[in-house]
Amino acid sequence: MRAVTHNLPVSALILLFLVAGPFAESAWKRHTIDDAYSGADGVRLGDANRDGHLDIATGWEEEGVVRLYLNPGPERFETQWPAVTVGQVDHVEDAVFCDLDGDGALDIVSSCEGKTKSMFVHWAPLDSRELLDETKWETALIPASKGVSKWMFALPADIDGVNGIDLFAGSKDPQGQVSWLRSPPNPRTLEEWTLHPLVPANWVMSLRQVDINEDGRKDLIYVDRKGPEAGVFALLRPESADSLHQAWSQQRISTALGEYMFLDLDKDQSSLQIYVPAKGDGIYWFQQDSNNLDSWEETLIQFALRQGVGREKAIAAGDINLDGDTDLVWTGEGSDSPKSGVVWLERRADKWLAHDISGPAGIKFDRIELLDLDHDGDLDVLTCEEREGGSGLGVMWYENPHR
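All residue numbers here refer to positions counted from 1 along the written sequence of the relevant chain. With the structure being a predicted model, the display of local features is reserved for residues of pLDDT at least 70 and the display and counting of side-chain atom pairs for 80 or more, all residues being used for whole-chain, interface and lining totals. Only hydrogens and water are set aside; all other atoms, that is, all heavy atoms of the structure, feed into the side-chain values.

(A) Geometry of the overall build of the chain. A helix here means a DSSP run of H or I that spans at least four residues, while a strand means a run of E at least two residues long, and both kinds are numbered starting from the N terminus. When helices and strands are tallied, the chain shows 0 helices and 30 strands. Its C-alpha atoms give the chain a radius of gyration of 20 Å, near enough to 22 Å, the size a compact globule of 403 residues would have. Along the longest, intermediate and shortest principal axes, the C-alpha atoms of the chain span 55 × 50 × 35 Å. Buried residues are those whose accessible area, probed at 1.4 Å on protein chains only, stays under 20% of the maximum for their type, while exposed residues exceed 50% and partly exposed ones sit between those limits. Every one of the 403 residues in the chain was classed for burial, and the buried ones make up 59%. Here, two residues are considered to be in contact whenever any of their heavy atoms come within 4.5 Å of each other. Put simply, 51% of the contacts in the chain that link residues at least 6 apart link residues at least 24 apart. Looking at the chain as shown, the accessible area adds up to about 15,500 Å², and 46% of this sits on carbon and sulfur atoms. Positive and negative side-chain charges of the chain, numbering 36 and 69 respectively, have mean locations separated by a distance of 5 Å. Here the globule rule is a power law, 2.2 Å times the number of residues to the power 0.38, and the radius of gyration is based on C-alpha atoms. Residue exposure ignores everything except the shown protein chains as possible cover, and the areas themselves are Shrake-Rupley values with a 1.4 Å probe. Charged residues are defined here as Lys and Arg on the positive side and Asp and Glu on the negative side; His and the ends of the chain fall outside this count. One atom stands in for each charge, and that atom is NZ of Lys, CZ of Arg, CG of Asp or CD of Glu.

As C-alpha cells, this is what we get:
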C-alpha cells in the first residue's frame, strides 16, 4: 500500500482485496456486437444516425479496418448491431467520431501507428440512411500527420475558437508527442490542416479535456505510459489565443513512476477525481483539493491477490450497483483462463471488493464505456477484446444484472 499527498496533510489509505481463483458470483451476461475479426482496439461513442442512441466506432488493428456499429435500440439489444466498414487503413489504433466539416454528419477520424504513422478522416454520407453503404464513405489522409509519429489517440475539440472542430493528437516514439491539428477555414481542404506540437511524450494512452484550474478554459489531461517521465499530466490552456501554438504550461499530477494506462475522470464529487491503472501496480486515485487546485492527493489501490485477474489496462468510474457511491470497472490484459479480464470494484469503508463481470473468456481487453444499453436503469459495460475475435468477443457489452 502506498499513498502520496501533494501539499495535503492527510492521505487516504486504501486496500483492494481480490479473491484468488473463481469469484463467488456468476459473470454477467455477454452480448456480442461484432466478432467477425480479430484485433478490436477501442470503443468510441457518438450518435451517427441521430436517433438518440449512441453508436460505436472501432478500429481493428490486425485487420486494418475501421468499423461503425449502429445501436439498434433497447428493443433489439440482444442482437448483433448493424455494421459497416467505413475505411481500410493499416495499423489503426483509434477511431473517434467528430463532425469535422460541420455538415451535420458524424465523420470518423482514425489514428494509425506501425509503419503507417498517419491520421485519416473517414467522411460520412450526409444522408443517415446511407451510413451502412460502404461505398458512400470516403477515406482521406491528413497530410500534416503523415510520417510524423505513431499516432495512438485523437480527441476532437474546438481548440482555437475558429473554423470548427480541431483535433488533439497523441503518439508514441519515435517523435512521440501531444499535439493539436488546427482546422483551416474549409476543413475539407485537408492539405491546409497544420500540426502544432505541445509537449514531447513517449507513449500517449489517454487525452481528456477538463477545466482543471477553473479559469473558464478547458485544459488537457494526458497519460504518458513509458519513459523516465511516465505519468499523468495536465497541459494548461493559455489565456491568450496567440499562445495556443506554443508549448502549454505543464503540471505533473502523478508522483510515482509507473506504466500508466487508460484513465477516467469523475466529476460528480466536490472535486475532480482521476482514476488510472498502472501496469503491475494497481490503480492510482488522484483527488484534487477543492481549496487548492494545484494540490492532489495520490492513493495507490493495490491488488492484494493477483491470481484471479490479468494485468491492468483500463478503468471507468460509475455507480454500478445503484447505491449512490462511485464504483470502478476494470479491464486487464494477460487474462488467460481461468483469470477474469473485466471486474467491477465496490468500495466498502476502507476496502474495495472485486466482483466478476467477464468470467474467464478473453485475454486482452481495452477501453471501457459505461452506459445503459438495455434502458433498464443501470450502467452496462461496453468494451472490446483484441485476441479472441470469432469467439463471441471482439466488440461486446456486458449486461448489468442489478436491474
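There is more to say after this.
(B) Quick peek at the sheet that holds strand S15 (residues 194-200). For two strands to count as paired, DSSP must find a minimum of two bridges between them. Taken in spatial order, the 4 strands of this open sheet run S12-S13-S14-S15, and their pairing is antiparallel. The open sheet terminates on both sides in strands that have one partner only, identified here as strand S12 (150-157) and S15. Across the sheet, the axes of successive neighbouring strands diverge by a mean angle of 25°, strand direction being ignored. Note: strand S14 (residues 177-182) against S15, 6 bridges, orientation antiparallel. Looking across to S15, one finds that Ser179 is bridged to Pro197. Note on method: axes are straight lines fitted to C-alpha atoms, helices fitted across the in-contact stretch only, with angles between N-to-C directions ranging 0 to 180 degrees.

(C) Quick look at the state of the cysteines. For this text, the term disulfide refers to a pair of cysteine sulfurs within 2.5 Å. Summed over all chains, the structure comprises 0 disulfides. Cys112 provides the cysteine sulfur closest to Cys384, a residue in no disulfide bond, and the two sulfurs are 16 Å apart.

(D) Representation of the environment of His375. Following the sequence through the fold, His375 ends up in the loop between strand S28 (369-371) and strand S29 (380-384). The residues contacting His375, other than those within four sequence positions of it, are His53 and Pro74.

(E) Representation of empty space enclosed by the protein in the model. Put simply, the grid is 1 Å and covers the protein atoms alone, a cavity is a trapped set of points that fit a 1.4 Å probe, a pocket is an open set with protein on both sides within 12 Å along at least five of seven lines, and lining residues have an atom within 4 Å of a point. Grid points are joined across faces, edges and corners, and a volume is the space filled by probe spheres set on the points. A full pass over the atoms with the stated rule returns 1 cavity of 30 Å³ or more. Estimates place the volume of the largest cavity at around 90 Å³. What lines the largest cavity is Asp41, Gly42, Glu93, Asp94, Met152, Phe153, Val204, Met205, Phe262, Asp366 and Arg367. Of all the secondary-structure elements, those providing two or more residues to the lining of the largest cavity are strand S8 (92-98), S12 and strand S16 (204-210). Of the residues that constitute the lining of the largest cavity, the class distribution is 5 nonpolar, 1 polar and 5 charged. Classification convention: Asp, Glu, Lys, Arg as charged; Ala, Val, Leu, Ile, Met, Phe, Trp, Tyr, Cys, Pro as nonpolar; all other residues, Gly among them, as polar.

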